[in-house]
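Examination of the molecular architecture
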Amino acid sequence: MRTEEEATYNLNEQIFELYDTGIPAQDIAGRLKTTAEYVNAVLNGVQVEAS
């Protein structure tokens with residue numbers, strides 16, 4: 001079973017990978033079923049808590 005820390009790390013890695021391919025943050029949020037605010041925070045290097 002994955003820990004919350006592992007799940008957050010994996011989500012963040014997916015965000016970076018999709019962003020690197022040129023996908024806008026809003027579209028990344030939709031694909032990964034998270035908020036655009038969370039995606040932007042990850043991309044800006046802000047420490048946030050996953051919900």
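Our subject in this report is the structure included herewith. (Residues numbered from 1 in each chain as written. Predicted model: local features only at pLDDT ≥ 70, side-chain atom pairs only at ≥ 80, totals over all residues. Heavy atoms only, no water.)

Quick word on the environment of Glu17
One can find Glu17 in helix α1 (residues 4-20). The spacing of Glu17 and Ile28 is 11 residues in sequence and 9.9 Å in space, taken between C-alpha atoms. (Helix = DSSP H or I, 4+ residues; strand = E, 2+ residues; numbered from the N terminus.)

Remarks on the packing of helix α2 (residues 25-32) against helix α3 (residues 36-43)
Between α2 and α3, the least distance of the axes is 8 Å, while the angle of their chain directions is 115°. Between α2 and α3 lies a crossing of right-handed hand. Facing α2, whose interface residues are Ala25, Gln26, Ile28 and Ala29, α3 presents Ala36, Val39, Asn40 and Leu43. A per-class count over the contact of α2 with α3 returns six nonpolar, two polar and no charged. (Axes fitted to C-alpha atoms, helices over the stretch in contact; angles between N-to-C directions. Left-handed = near helix turned anticlockwise from the far one by under 90°. Contact = heavy atoms within 4.5 Å. Nonpolar A, V, L, I, M, F, W, Y, C, P; charged D, E, K, R; others polar.)

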